[in-house]
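So the chains spell out like this:
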Amino acid sequence: MMKIVRNKSTKVVQYLFNDADDVILTSSEMCGLKLAVDINSNTHELISDITAPEKFCGNTMMWDNGDWTIINIPAFNSFFTSLKESMQHSF
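Enquirer: Before we move on, could you go through the nonpolar core and cite the residues and values that matter?
Expert: If you look at soluble globular proteins, the nonpolar side chains tend to sit buried side by side. In terms of nonpolar packing, the biggest core is built from seven residues, these being V5, F17, V23, L25, M30, A36 and I39. Here I39 is in contact with V5, Q14, Y15, L25, E29, M30 and H44, once residues within four sequence places are set aside. Counting five residues, the second largest nonpolar core, distinct from the first, contains I4, V13, I50 and W63.

Listed below in structure tokens is the structure:
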């Protein structure tokens, strides 16, 4: 299972982590595997025991009550196109 860091008001997911990963939200920052001073417990929430989507790209997807929705299809598609191209050029 996974855990997500999600914006409380928009439900947009910024990060997806393994449940075992150390991630902490404080009133001033997110720390652990990633450090982010613009993400904190006032604006975001950490939710555990999430089933990951088949593909994930931060800030392009929303998670609400177990349902994943792509909210920025062009950015989502662009991310995976770029990833595929970079993998082809690395060999």
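Enquirer: Tell me about the packing of aromatic side chains, residues and numbers included.
Expert: Following the criterion strictly, the structure yields four aromatic pairs and no others. Ring plane angle 25 degrees and centroid distance 5.7 Å describe the contact between Y15 and F17, whose orientation is recorded as stacked. Three or more aromatic residues joined by ring pairs make a cluster, and in this case those are F76, F79 and F80. Its end group placed over the ring of F80, K55 keeps NZ or CZ at 5.1 Å from the ring centre.

Enquirer: Any details on the sheet that holds strand 2 (residues 13-18)? Residues and values, ideally.
Expert: Taken together, three strands build an open sheet; the order of strands is 2-1-5 and the sheet is antiparallel. Here the strands that pair on one side only, and so sit at the sheet edges, are strand 2 and strand 5 (44-50). Averaged over all pairs of adjacent strands, the angle between their axes in this sheet comes to 20 degrees, without regard to strand direction. Taken together, the five bridges between strand 1 (residues 2-7) and strand 5 define a ladder with antiparallel strand orientation. Within the sheet, the bridge partner assigned to M2 lies in strand 5 and is I50.

Enquirer: Talk me through unusual backbone geometry; I want residue IDs and the actual numbers.
Expert: The phi torsion at K11 lies on the positive side, around 65 degrees, for a residue other than glycine. As for its placement among the helices and strands, K11 is situated in the loop between strand 1 and strand 2. On the accessibility criterion, K11 (26% relative accessible area) is partly exposed.

Enquirer: Requested: an account of the environment of L25, with residues and values cited.
Expert: Residue position: L25 is located in strand 3 (residues 23-25). Here the alpha-carbon distance between L25 and E85, two residues 60 residues apart in the chain, equals 34 Å. Apart from residues lying up to four places away in sequence, L25 is in contact with M30, I39, N40, S41, H44, E45 and L46.

About the thresholds
- Residues numbered from 1 in each chain as written.
- Predicted model: local features only at pLDDT ≥ 70, side-chain atom pairs only at ≥ 80, totals over all residues.
- Heavy atoms only, no water.
- Core = buried A, V, L, I, M, F, W, Y, C linked by side-chain atoms within 4.5 Å.
- Buried < 20%, exposed > 50% of the residue type's maximum accessible area, 1.4 Å probe, protein only.
- Contact = heavy atoms within 4.5 Å.
- Phe/Tyr/Trp six-rings, centres within 6.5 Å; stacked < 30°, edge-to-face > 60°.
- Lys NZ or Arg CZ within 6 Å of the ring centre and 35° of its normal.
- Pairing = 2+ DSSP bridges.
- Helix = DSSP H or I, 4+ residues; strand = E, 2+ residues; numbered from the N terminus.
- Axes fitted to C-alpha atoms, helices over the stretch in contact; angles between N-to-C directions.

These values are about where atoms sit, not about what they do.
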